[in-house]
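Structural characterization, general
The chain contents come next:
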Amino acid sequence: MDTLRTTILTACTLGLGLTLAEQLIPLERFSAQIRLLLSLLLLIGMLSSLTRISPDTWERRFDATAASTEEIQALAEQAHADAIAESIANALNRKLEEAKVNCRVSAVTVHIGEDGSIDISEVTITGNTLTGSIYLREWLGDAVSLTKEVTP
C-alpha cells in the first residue's frame, strides 16, 4: 500500500513539475521533442518509485542472486547438451520422414564427454515403433536404448 501511495504521489508531483517546465519553454518547433523528453522523465520517475531502485539495491540484488562459477558452468553444459539433443532429434525425425516411416523421435538423451565426444544413451519414440526402431538401430547401433513413449 505504501508503494502505491508513493508511486501516485511521485506521478502527481512529476506531472505538475513537468507541466510547469513545459509552459516555461515557449519554443514551438521543439515542442514534440520536449514533450517526449518530459514524458520519459515522468515514466522513469514513476517506475523508479514503483520498483524502489537505488544503487544499493542493485548491489544487494546482484550479490543475493549471484551463482557460483561451478553452477554457471553446469547450467551452460546442460544447455549445450539440450541443444545437441534437440538437433539430433530433429535430424532423426527428418531421416524417418524421408524413409516414410510413421514414427517420431520425441526425446534424445545425450552425454558430452570431457573430450567433447557425444554419447547417445537413449532415444524415446512414438508412433510405429516397430518399423522406427529398425531404422534407428541401423543408424544408431545396438548400444542405444530405444524407449516407446507412453501416452496417457
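In this report, the structure presented in the accompanying data block is examined. (Residues numbered from 1 in each chain as written. Predicted model: local features only at pLDDT ≥ 70, side-chain atom pairs only at ≥ 80, totals over all residues. Heavy atoms only, no water.)

**A short note on the sheet that holds strand β3 (residues 145-148)**
Pairing in this open sheet of 3 strands is mixed, and the strands run β1-β2-β3 from one edge to the other. Two strands close off the open sheet at either side, each with one partner strand: β1 (103-112) and β3. Sheet twist, expressed as the average angle between the axes of neighbouring strands with direction ignored, equals 20 degrees. Two elements, β1 and strand β2 (residues 118-127), share 9 bridges in a ladder whose sense is antiparallel. The residue of β2 that forms the bridge with H111 is D119. Where helix α4 (residues 69-98) meets the sheet, it contacts β1 and β2, and its direction lies at approximately 145 degrees from that of β1. (Pairing = 2+ DSSP bridges. Helix = DSSP H or I, 4+ residues; strand = E, 2+ residues; numbered from the N terminus. Axes fitted to C-alpha atoms, helices over the stretch in contact; angles between N-to-C directions. Contact = heavy atoms within 4.5 Å.)

**A short note on the pairing of β2**
Between β1 and the antiparallel strand that follows it, β2, lie 5 residues; G116 among them carries a positive phi value of about 95 degrees. Relative to β3, β2 is paired through 4 bridges, and the arrangement is parallel. From the neighbouring strand, V123 faces β3, where its bridge partner is L146. Between the parallel pair β2 and β3, the chain is carried across by helix α5 (residues 129-140), and the sense of this crossover is right-handed. (Right-handed = clockwise from strand over helix to strand, strands pointing away.)

**A few points about the side chain of T124**
Within the secondary structure, T124 is located in strand β2. Judged by its relative accessible area of 15%, T124 is buried. Excluding residues that lie within four positions of it along the chain, T124 makes contacts with R104, V105, S106, A107, T147 and E149. (Buried < 20%, exposed > 50% of the residue type's maximum accessible area, 1.4 Å probe, protein only.)

**A word on the environment of C103**
Looking at the secondary structure, you find C103 in strand β1. Relative accessible area serves as the criterion here: at 4%, C103 is assigned to the buried category. Each C-alpha atom, one on C103 and one on S133, is 8.7 Å from the other, the two residues being 30 residues apart in sequence. Leaving out residues up to four positions away in the same chain, C103 has contacts with N93, L96, I125, T126, N128 and G132.

**As for the layout of surface pockets**
Estimates place the volume of the largest pocket at around 240 Å³. Forming the walls of the largest pocket are 13 residues, and the residues nearest its centre are E77, Q78, A81, H111 and I112. Taken together, the elements giving at least two residues each to the lining of the largest pocket come down to α4 and β1. Here the lining of the largest pocket gets 6 residues from one element, more than from any other, and that element is α4. (1 Å grid on protein atoms, 1.4 Å probe; cavity = no way out; pocket = protein on both sides within 12 Å on 5 of 7 lines; lining within 4 Å. Points joined across faces, edges and corners; volume = space filled by probe spheres on them.)

**Topic: the packing of α4 against α5**
Where α4 meets α5, the closest approach of the two axes is 11 Å, and the angle between their N-to-C directions is 125 degrees. On the basis of the axis angle, α4 is oblique to α5. Judged by the sense of rotation from one axis to the other, the crossing of α4 with α5 is right-handed. Contacts between α4 and α5 involve L92, K95 and L96 from the former and G132, Y135, L136, W139 and L140 from the latter. Of the residues that constitute the contact of α4 with α5, the class distribution is 6 nonpolar, 1 polar and 1 charged. (Parallel < 35°, antiparallel > 145°, perpendicular 65-115°, else oblique. Left-handed = near helix turned anticlockwise from the far one by under 90°. Nonpolar A, V, L, I, M, F, W, Y, C, P; charged D, E, K, R; others polar.)

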